[in-house]
Amino acid sequence: MLKSKITPALAASALVVHRSLPDLFELVLDLLFEAVPAERGAVLLIEGFPPNPVIKASRNRKGDKILKVSRSIARRVLDQKVSLLMPNIMEDAALKSQD
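These notes cover the structure that comes with them. (Residues numbered from 1 in each chain as written. Predicted model: local features only at pLDDT ≥ 70, side-chain atom pairs only at ≥ 80, totals over all residues. Heavy atoms only, no water.)

1. Here we look at the overall build of the protein
Okay, so step 1: When its secondary structure is counted, the protein shows four helices and two strands.
Okay, so step 2: Secondary structure elements of the protein occur, N-terminal to C-terminal, as α-α-β-β-α-α.
Okay, so step 3: The buried share among the 99 residues of the protein stands at 21%.
Okay, so step 4: Sequence separation of 24 or more characterises 33% of the internal contacts of the protein that already satisfy a separation of 6 or more.
Okay, so step 5: Carbon together with sulfur atoms contributes 60% to the accessible area of the protein, which is approximately 7,600 Å² in total. (Helix = DSSP H or I, 4+ residues; strand = E, 2+ residues; numbered from the N terminus. Buried < 20%, exposed > 50% of the residue type's maximum accessible area, 1.4 Å probe, protein only. Contact = heavy atoms within 4.5 Å. Areas by Shrake-Rupley, 256 points an atom, 1.4 Å probe, with all protein chains shown as cover.)

Next comes the structure, spelled out in structure tokens:
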């Protein structure tokens, strides 16, 4: 099992400092990559009418931006109110046949 260098107290103290939303979203990704073995991460907000998920911050472990998040993944996160950490998203039976 991977051992994170970040503690919940350290994460909480970093998150309560006043900062702009773009900076906060980047910090959330920094904390994510330090805490779990994710290859990619994204922060999306629901905006507009009709409401649609909009990427506010994203990257992979190499630092490249993610330009698109699957609608089925976004729908699953919103409907179930969960984050997803999957070993191989292309092998997930619930998402394999969707976009």
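2. Structural notes on helix H3 (residues 71-80)
Okay, so step 1: The set of residues buried in H3 consists of Ser72, Ile73 and Ala74.
Okay, so step 2: Just beyond H3, the residue with positive phi is lysine 81, at close to 55°.

3. Section: unusual backbone geometry
Okay, so step 1: Residues phenylalanine 49 and proline 50 are joined by a peptide bond in cis, for which omega reads 0°.
Okay, so step 2: One non-glycine residue, lysine 81, lies in positive phi territory at about 55°.
Okay, so step 3: Mapping lysine 81 onto the fold places it in the loop between H3 and helix H4 (93-96).
Okay, so step 4: Of the residues examined, lysine 81 reaches a relative accessible area of 74% and is grouped as exposed.

4. Digging into the pairing of strand S2 (residues 52-60)
Each regular strand carries side chains that alternate between the two faces of the sheet.
Okay, so step 1: Across eight bridges, the pairing between strand S1 (residues 40-47) and S2 is antiparallel. Looking at the pairing, leucine 44 lines up with isoleucine 55 of S2.
Okay, so step 2: Between S1 and S2, which follow one another and run antiparallel, lie four residues, and glycine 48 among them has a positive phi close to 80°. (Pairing = 2+ DSSP bridges.)

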